[in-house]
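Chain by chain, the residues:
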Amino acid sequence: MMLVLGEIHTALLPHSRPLTSEEAGAALALAVGEGVTQWSRPVPHTASPTLLHGVDCKLPLGPKPGKRHTDADGDNGAVRAVGTVCSRAALTGGHLLQGSSWAAVEAQDRPRRMPWSYYLARPGSVFPIGKLEAHRLAEGFLRADTRRDRTAFLDTAAVARHSIRDVLSGRRFDMRPPIKTGSTRLRWAAIADPGSRNAVAFRLVGTDRRRLSLVTGAVDPERIAAACEDLAVHDWLLTAVAARIALAKIGEDSRHTLRILRPVVDHLLHLWAPGARFARDLQFVWDSLEHRPGLTRQWTTMVERVRSQVDYGAADLAGRIFELLEQHPQLLQREDHGY
């Protein structure tokens with residue numbers, strides 16, 4: 001059994017247009033001498049090299065078996081853990097920027113703090129000094145942000161944000177995004193246990209935070225991270241488009257509605273490609289979420305609404321222009337004479 005923990009922050013790149021594949025490669029070249037990874041289909045996607053971050057911290061524990069609720073004060077305890085956490089930046093469609101961090105939590109073969117050489121020889125793994133209680137650690141990690149004192153806990157959010165800051169520090173962006181949107185945070189925990197049945201639990205926590213709990217077979221941690229990144233992209237798209245629809249004042253002001261929704265058509269709708277980077281043995285994750293709550297059904301409904309409102313707004317605007325020209329035919333005469 002292996003536990004994998006991670007976090008992903010997703011936001012719109014602060015740039016007025018999508019980056020080309022060459023620009024994306026240059027922006028995400030975060031390590032000297034290591035190349036980026038790029039895909040062209042079905043949606044352009046670029047991933048930076050994977051970086052390692054050394055940590056010596058605590059992992060919060062969830063409640064013991066038999067207890068139903070986690071104590072927000074942290075009375076469930078914590079274990080010390082040492083090792084390295086992976087991180088990378090990713091860019092989807094030249095527009096959606098992600099900072100991602102993850103680490104496998106594995107049992108240490110010696111019950112004491114080892115020299116750093118021990119941990120560096122096992123990149124991407126964090127080792128608890130003590131008993132590995134995978135289910136308690138997974139629940140404690142997912143709910144760690146509810147603890148009052150979490151300063152000593154593994155901070156995957158800080159590692160994920162570090163990748164985003166590295167990309168934005170290049171000063172190659174005009175800081176004029178075509179759409180004003182917020183960011184989302186997905187915190188996830190996966191238990192890789194060949195003897196267990198696959199399971200998925202996805203929850204919204206407030207307006208911008210999400211929690212994902214998985215039980216899988218024996219899957220490489222990086223593949224699990226890639227699947228979670230893909231899910232985070234599509235959750236962000238649903239959140240961003242729903243927010244724009246809420247701002248559009250549909251049925252009140254067609255010009256305002258057109259102004260708010262037109263950038264959604266131009267920059268976001270074509271990015272929907274669920275499951276594109278899911279490994280075959282993780283496809284059950286998306287299949288489960290398609291069954292309930294039905295993310296593609298929600299997306300299709302919103303897309304139809306956006307397109308119909310844009311079409312209606314454009315037709316209404318054209319009708320007003322023709323009406324204006326009928327009332328003032330001299331405008332056409334001026335156009336004919338080149339004035």
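One can find the structure itself at the top, above this paragraph.
Below you will find a few notes about this structure. (Residues numbered from 1 in each chain as written. Predicted model: local features only at pLDDT ≥ 70, side-chain atom pairs only at ≥ 80, totals over all residues. Heavy atoms only, no water.)

Take the overall build of the chain next. The secondary structure content of the chain amounts to 9 helices and 10 strands. Counting across all 339 residues of the chain, residues that qualify as buried make up 48%. Carbon together with sulfur atoms contributes 50% to the accessible area of the chain, which is approximately 17400 Å² in total. (Helix = DSSP H or I, 4+ residues; strand = E, 2+ residues; numbered from the N terminus. Buried < 20%, exposed > 50% of the residue type's maximum accessible area, 1.4 Å probe, protein only. Areas by Shrake-Rupley, 256 points an atom, 1.4 Å probe, with all protein chains shown as cover.)

Once that is clear, we can look at the nonpolar core. Formed by 53 residues in total, the largest nonpolar core has its most connected members in Trp 188, Ile 224, Leu 237, Leu 268 and Trp 299. Those elements that provide at least two residues to this core are strand E1 (2-12), strand E6 (96-105), strand E8 (184-192), strand E10 (209-216), helix H5 (221-247), helix H6 (254-267), helix H7 (283-291) and helix H8 (295-327). Top contributing element to this core by residue count: H5, with 13 residues. Not counting residues up to four positions away in its chain, the partners in contact with Leu 237 are Leu 96, Leu 268, Leu 271, Trp 272 and Trp 299. If you look at the next biggest cluster of nonpolar residues, it comprises 21 residues, including Ala 81, Ala 103, Val 105 and Val 126. (Core = buried A, V, L, I, M, F, W, Y, C linked by side-chain atoms within 4.5 Å. Contact = heavy atoms within 4.5 Å.)

A few words now on the side chain of Asp 235. Of note, Asp 235 is situated in helix H5. Polar side-chain contacts of Asp 235 include one of 2.5 Å to the side chain of Arg 210. Beyond its immediate sequence surroundings of up to four residues, Asp 235 is in contact with Thr 184, Phe 202, Leu 204 and Arg 210. (Polar contact = N/O pair within 3.5 Å; in protein donor to acceptor, adjacent residues only side chain to side chain.)

With that out of the way, let us pick up H5. With 27 residues, H5 extends 39 Å between its outermost C-alpha atoms, agreeing within 8% with the 39 Å of an ideal straight helix rising 1.5 Å per residue. Of all 27 residues making up H5, 20 are buried, and the element is well covered by its neighbours. Of the residues that open H5, the one with a side-chain oxygen 3.1 Å from the backbone nitrogen of Glu 222 is Asp 220. Of the residues trailing H5, Lys 249 is marked for its positive phi of about 50°. (Expected span 1.5 Å × (residues − 1).)

Now for the environment of Leu 12. Within the secondary structure, Leu 12 is located in strand E1. Not counting residues up to four positions away in its chain, the partners in contact with Leu 12 are His 95, Leu 96, Pro 177, Pro 178, Ile 179, Thr 181, Trp 236 and Leu 268.

Take the pairing of E1 next. The element E1 is extensively covered by neighbouring structure, given that 10 of its 11 residues are classed as buried. Bridge count for E1 against E8 is 9 bridges, and the pairing is antiparallel. Paired with His 9 across the strands is Arg 185, a residue of E8. (Pairing = 2+ DSSP bridges.)

With that settled, consider the pattern of salt bridges. Throughout the structure, instances matching the rule amount to 14 salt bridges. A salt bridge links Glu 222 to Arg 88; its shortest N-O distance comes to 3.0 Å. With a gap of 134 residues between them, Glu 222 in helix H5 and Arg 88 in strand E5 (residues 78-92) connect regions that are remote in the sequence. Note on Glu 222: relative accessible area 38%, which makes it partly exposed. For Arg 88, a relative accessible area of 7% translates into the label buried. The network of salt bridges with shared partners includes Glu 7, Arg 185 and Arg 187. (Salt bridge = Lys/Arg side-chain N within 4 Å of Asp/Glu carboxyl O.)

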